[in-house]
Amino acid sequence: SMIGAWVPGMRTQPLPSGIAVEIKPGEALIMQVHYHGASQSYADQTQVGLSRSPESNPKLISYVPLVNLRFALPPEKITDVKANHPAFLSQIMSGKILFVAPHMHLLGTKTGITLELPDRTLKPLIDIPAWDFNWQGAYQFETPVNYPKGSTLHLSCRFDNTSANPNNPNNPLKTVTWGEGTNDEMCLGFVGIVPDQPPPAIFRFFAGWMRQIIPRYLPHADPKMAVLGLLTISVGLRKAFQLKQKP
């Protein structure tokens with residue numbers, strides 16, 4: 001599970017008092033770093049700092065991903081891409097939203113995250129009309145936003161893959177898809193939610209089990225995305241079965 005991230009422009013982001021990320025005894029911390037444009041070897045000066053919570057029983061935060069992996073940005077086109085959070089979350093989670101963190105690369109021009117409440121009311125959480133790759137961050141609310149069960153999170157990303165975009169890194173232009181390189185693109189966002197109740201035990205067991213199985217049998221799959229996809233399918237099948245059983 002993710003405990004934190006850094007992107008260009010981000011500052012230190014301490015969690016509010018009484019909120020923490022859980023790191024269990026014996027767990028390993030793995031740091032992934034993306035290097036871009038280096039023509040020779042350099043010494044890495046990255047440092048990571050962790051602060052221990054003074055609370056004996058803090059509430060735990062969950063990082064909910066909003067991601068679209070299946071998009072293509074053709075040359076000389078402005079393209080809108082959408083992403084929603086995994087469907088099963090709306091059925092099992094309620095809580096408070098502490099922060100939002102949208103993420104794109106150099107072709108991104110506009111992004112936003114919206115909360116759709118159970119009554120279909122739309123509540124904008126963040127709107128960035130002029131995206132700047134070098135000025136990113138996790139935006140924390142002064143007052144946490146209520147996230148009732150049955151709500152849905154929507155992410156919107158706009159990309160400008162035209163020759164008129166001064167930030168376009170590709171010359172000649174090409175179709176751009178999802179990727180971890182800066183010249184690739186991402187339609188990605190994280191929402192920090194403190195759940196009212198911890199996830200059901202069966203959910204935690206299933207997610208942990210799949211993280212071990214997926215790398216063995218699907219070595220080229222992203223474990224996080226595969227777990228979310230399989231859980232979404234399982235909830236959908238359960239719903240279909242329940243509907244079929246109704247008289």
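For the structure itself, consult the block above.
The shown structure was predicted, so the numbers you read here are calculated from the model rather than taken from an experiment.

Colleague: Account for the packing of aromatic side chains, naming residues and giving values.
Modeller: The final tally for this structure, using the stated rule, is 2 aromatic pairs. Ring geometry for tyrosine 63 and phenylalanine 99: centres 5.7 Å apart, planes at 55°, overall tilted. A residue pair is termed long-range when its members are at least 10 positions apart, and tyrosine 63 in strand β3 (residues 62-68) and phenylalanine 99 in strand β6 (residues 95-103) qualify at 36 residues. With a centroid separation of 5.7 Å and 10° between ring planes, the pair formed by phenylalanine 71 and phenylalanine 159 is classed as stacked. Of this pair, phenylalanine 71 sits in the loop between β3 and β4 (72-73) while phenylalanine 159 sits in strand β10 (residues 152-161); the two residues are 88 residues apart in sequence, bridging distant segments of the chain. For phenylalanine 71, a relative accessible area of 9% corresponds to the buried category.

Colleague: Account for the sheet that holds strand β12 (residues 187-195), with residues named and values stated.
Modeller: Here we have 4 strands laid out as an open sheet, ordered β3-β12-β6-β9, and antiparallel in their pairing. Pairing within the sheet leaves two strands with one partner each, and these edge strands are β3 and β9 (139-147). The mean inter-strand angle of the sheet, taken between neighbouring strand axes irrespective of direction, is 30°. With 8 bridges joining them, β6 and β12 adopt antiparallel strand pairing. Directly across from lysine 96, in β12, lies its bridge partner valine 194.

Cut-off values and rules
- Counting restarts for each chain: residues are numbered from 1 in the order of the written sequence.
- A pLDDT threshold of at least 70 governs which residues receive local features in this predicted model, and a stricter bar of 80 or more applies before side-chain atom pairs are shown or counted, although totals over entire chains, interfaces and linings include all residues.
- Excluding hydrogens and water, the side-chain values take into account all heavy atoms of the structure.
- Aromatic pairing here means that ring centres of Phe, Tyr or Trp (its six-membered ring) are within 6.5 Å. Orientation follows from the plane angle: under 30 degrees is stacked, over 60 is edge-to-face, and everything else is tilted.
- Only runs of H or I of at least four residues qualify as helices and only runs of E of at least two qualify as strands under DSSP, and these elements are numbered from the N terminus.
- For every residue, the accessible area (1.4 Å probe, protein chains only) is compared with the maximum for its type, and the residue is labelled buried under 20%, exposed over 50%, or partly exposed between those bounds.
- At least two bridges found by DSSP between two strands is the condition for calling them paired.
- The angle between two axes is taken between their N-to-C directions and runs from 0 to 180 degrees, where each axis is a line fitted to C-alpha atoms and a helix contributes only its stretch in contact.

None of this, on its own, says anything about what the molecule does.
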